[in-house]
Amino acid sequence: VANEGHGACLRISYGKHWADGTMEIADGKWHHIAVSDGMRLDASGVPDVRLYVDGNEQERIHTGEPDQPRTAVTSNLGIGMPSPESNQQLHCLLDELFIFDQELGKEAIRRLMTTHQP
């Protein structure tokens, strides 16, 4: 997603909550992207997710409406959905997609990255 001041970056969203990473990923290079979700809310009442690019946890920019209920459990998974504020689409190639039914830590994400690099 295009993030003002940060170019195209990773975004995860749940209904009216979303978190953006800050690392530019539309640079023509291969990147390992991971999102880890422990199904918790942070102190602000938004989903406490961790964003990783190339095995490194990203600073997150949270936006959305904290007073809205979390919808992660009942929402459909969407990949490359248009950004509501700009109608931007995902334009990329996906090599692999893994979905786990548990939260992954930093070391597990790094093992996945090193095991599945092209």
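Analysis parameters
Residues numbered from 1 in each chain as written. Predicted model: local features only at pLDDT ≥ 70, side-chain atom pairs only at ≥ 80, totals over all residues. Heavy atoms only, no water. Helix = DSSP H or I, 4+ residues; strand = E, 2+ residues; numbered from the N terminus. Buried < 20%, exposed > 50% of the residue type's maximum accessible area, 1.4 Å probe, protein only. Contact = heavy atoms within 4.5 Å. Areas by Shrake-Rupley, 256 points an atom, 1.4 Å probe, with all protein chains shown as cover. Core = buried A, V, L, I, M, F, W, Y, C linked by side-chain atoms within 4.5 Å. Pairing = 2+ DSSP bridges.

Caption draft 1: Molecular detail of the overall build of the protein chain. A count of helical and extended segments in the protein chain gives one helix and eight strands. Across the 118 residues of the protein chain, 26% fall into the buried class. Long-range pairs, those at least 24 residues apart, make up 49% of the contacts in the protein chain with a sequence separation of at least 6. Accessible surface, the protein chain: about 7,800 Å² in total, of which carbon and sulfur atoms supply 51%.

Caption draft 2: Structural detail: the environment of Leu-51. You can see Leu-51 is positioned in strand β6 (residues 47–53). Taking C-alpha positions, Leu-51 is 8.4 Å from Ala-19, a pair spaced 32 residues apart along the chain. Not counting the four nearest positions on each side in its chain, Leu-51 is found in contact with Leu-10, Ile-12, Ala-19, Asp-20, Gly-21, Ala-34, Val-35, Asn-56, Glu-57, Gln-58 and Arg-60.

Caption draft 3: Spotlight on the nonpolar core. By size, the foremost hydrophobic cluster in this structure holds seven residues: Leu-10, Ile-12, Tyr-14, Ala-19, Val-49, Leu-51 and Val-53. The set of elements that each furnish at least two residues to this core consists of β3 (11–14) and β6. For this core, the leading source of residues is β6, giving three residues. Ala-34, Leu-104, Ile-109 and Leu-112 belong to the second-largest nonpolar core, a separate cluster that totals six residues.

Caption draft 4: Local environment of the pairing of β6. Burial analysis of β6 places six of its seven residues in the buried class, the great majority of the element. Pairing geometry for strand β5 (residues 33–41) and β6, over six bridges, is antiparallel. What sits directly across from Leu-41, in β6, is Pro-47. What sits between the antiparallel neighbours β5 and β6 is a turn of five residues, in which Gly-45 has the positive phi angle 90 degrees. Inspection of the sheet shows β6 paired to strand β7 (residues 56–57) by two bridges, in the antiparallel sense. Bridge assignment links Tyr-52 to a residue of β7, and that residue is Glu-57. In this antiparallel pair of consecutive strands, β6 and β7, the connection spans two residues, and Asp-54 shows a positive phi of 55 degrees.

Note that every value here comes from positions in space, so none of it alone points to a role or purpose.
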